[in-house]
Amino acid sequence: MKTLIEPFRIKSIEHIKMTTRDEREKFLKEANYNVFKIRSENVILDFLTDSGTSAMSSDQWAAIMKGDESYACAKSWYNFEKAVKKITNFKNIIPTHQGRAAERLLFSVVLKEGDIVPNNNHFDTTRANVEFTGAEALDLVIEEGKKPELDYPFKGNIDIKKLENLLEKESGKIPLCMITITNNAGGGQPVSLQNIRETKQLLGKYNIPLFLDACRFAENAYFIKKRENGYESKSVLEIVNEMFSYADGCTMSAKKDAFANIGGFIALNDEEVTKKTRNLLILTEGFPTYGGMTGRDLEAIAVGLEEIIQEDYLNYRLRTAEYLGEILLENGISIVRPAGGHALYIDANAFYPHIPYYEFPGQALCCELYLEGGIRGCEIGTFMFGKKNEDGKDIAAAMELVRLAFPRRVYTQTHFDYAAEVIIDVYNKREGVKGLKITYEPEYLRHFTSDLERL
Ligand SMILES: *Cc1c(COP(=O)(O)O)cnc(C)c1O
């Protein structure tokens, strides 16, 4: 059959409240043109993030009832640990309440002022946590990964040549290298197994450990199965295991590829780093067998890690963003090509060429998508990037994107057809749309809480 169906049935539903354009105009103004401040009940399709927004399965809900809430060494911890080890094969598992907690703990232990952390692209919380220690977060994605219109199978790859040059000069300042799979900040693009393997070989010469930012490991693995020579007939679990086999550890947000609403972990082999990290965990997160999660969270993640590597699910998952992308391309709308795994990224520079970077074309597009159709997306551009020059003026981000991130197992094809109609409508009305200016901004991660005003 040509029609690819959602490989699940719906047992319980959430109502969507329909709103009018006039109502949304008011809501947007009240939110100071920052879509993070719009009440979710006033959003029709919420594509703000795929983080923690998954629909859990009946098996996960059943596991939740079995959550063992004992303080120490609960049964749920062992289920969780076993599930994480099956995926990663790392020796030591450290549970955290979400991905950024894993980052903060690990970086507090291994980084110091003046250090450098190379990555294909740091995700925003990863960058912020690296910089919070006084270290530099350096993005080394391949040149192909910076060209939104270019179709290339592994646009998330790290640039081996650039990494080699960096290592020759600065290896003493690099306590670890990271690779983000899939590359969220660079368009949800996958990293090939060959690239991970070559990175590991190169780092090996300098004794520098490789950590995967593994939030979307299953989507990355399925891209490898679809696109990398020699992996067509491997199982997703085999590919996943091979990816982790080249790394010394990983940080993970279970809010992504574990179908959980909260949770995360660090997994690694190094005993010394494990000890130090666990001590810090006890100080700020919790005992080493729950680390800021409840027993039921641990159970939901353990089941989620089994479900996420199912091929029928991954096939439907990757096809979803691709399907919406095809419709937008047919209508002349530029997107990051090819479509990402968890999200579609609209090129806001191409959408609004008349809005300069310092008036945030991506944020303007977010506002219009909400106004016209109640769709909430997320700017990934100069507004999120938030870097300034010496005069305090914004520095342009490499790309001005709007990310439409798709909650796992939440929306059906009709929702995506509606989304396409809204985006095309906004595109047809693109002329004369104005940019924005910031009226309040915090020191870190400004996109979450800044206030803006229409120009
Ligand atoms: C979401 C995410 C994180 C942070 O995880 P949280 O659970 O949101 O704290 C880190 N890296 C990447 C690539 C992510 O997508």
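None of these values were measured; they are calculated from a predicted model.

One can read the domain layout of the protein as domain 1 (21-50 + 311-454) and domain 2 (58-307). Computed over C-alpha atoms, the centres of domain 1 and domain 2 are 26 Å apart. On the domain 2 side, the residues contacting the 28 residues of domain 1 number 39 residues. Buried surface at the junction of domain 1 and domain 2, both sides included, amounts to about 2,700 Å², of which 56% is carbon and sulfur. Put simply, Asp-50 and Arg-216 hold a salt bridge, and the shortest N to O gap is 2.9 Å. At the boundary of domain 1 and domain 2, one finds 18 residue pairs in polar contact (both at pLDDT 80 or more). When grouped by side-chain class, the residues that make up the side of domain 1 that touches domain 2 number 14 nonpolar, five polar and nine charged.

This part covers the pairing of strand S4 (residues 136-139). Direction of pairing for strand S3 (residues 116-119) relative to S4: parallel, over a ladder of four bridges. Bridging from a neighbouring strand, Ile-116 pairs with Glu-136 of S4. A crossover links S3 with its parallel partner S4, the connecting element being helix H5 (residues 124-132), and its sense is right-handed.

Looking now at the packing of helix H3 (residues 75-88) against helix H11 (residues 295-307). Interaxial distance between H3 and H11 falls to 8 Å at its minimum, and their mutual angle equals 30°. When the interaxial angle is binned, H3 and H11 end up roughly parallel. The interaxial crossing formed by H3 with H11 has left-handed handedness. Taking contact as the criterion, the partners of Ser-76, Trp-77, Asn-79, Phe-80, Ala-83, Val-84, Lys-86 and Ile-87 in H3 are, on H11, Gly-295, Leu-298, Glu-299, Ile-301, Ala-302, Leu-305 and Glu-306. Each residue belonging to the contact of H3 with H11 can be placed in one class, and the counts come to nine nonpolar, three polar and three charged.

Within the structure, the ligand sits among 16 residues, and Arg-100, Asp-213, Arg-216, Ser-253 and Lys-256 are positioned closest to it. Take Gln-98: an N or O atom from its side chain is 2.9 Å from an oxygen atom of the ligand. A distance of 2.8 Å separates an oxygen atom of the ligand from a polar side-chain atom of Lys-256. For the ligand, whose accessible area on its own is 380 Å², the fraction buried by protein is 98%. With three residues, helix H4 (residues 99-110) is the largest single contributor of residues to the shell around the ligand. A breakdown of the residues in the shell around the ligand according to their chemical character gives two nonpolar, eight polar and six charged.

Definitions and limits used
Residues numbered from 1 in each chain as written. Predicted model: local features only at pLDDT ≥ 70, side-chain atom pairs only at ≥ 80, totals over all residues. Heavy atoms only, no water. Domains from an automatic or database assignment. Contact = heavy atoms within 4.5 Å. Buried area = accessible area lost by both parts, 1.4 Å probe. Salt bridge = Lys/Arg side-chain N within 4 Å of Asp/Glu carboxyl O. Polar contact = N/O pair within 3.5 Å; in protein donor to acceptor, adjacent residues only side chain to side chain. Nonpolar A, V, L, I, M, F, W, Y, C, P; charged D, E, K, R; others polar. Pairing = 2+ DSSP bridges. Helix = DSSP H or I, 4+ residues; strand = E, 2+ residues; numbered from the N terminus. Right-handed = clockwise from strand over helix to strand, strands pointing away. Axes fitted to C-alpha atoms, helices over the stretch in contact; angles between N-to-C directions. Parallel < 35°, antiparallel > 145°, perpendicular 65-115°, else oblique. Left-handed = near helix turned anticlockwise from the far one by under 90°. Near = heavy atom within 4 Å. Areas by Shrake-Rupley, 256 points an atom, 1.4 Å probe, with all protein chains shown as cover.

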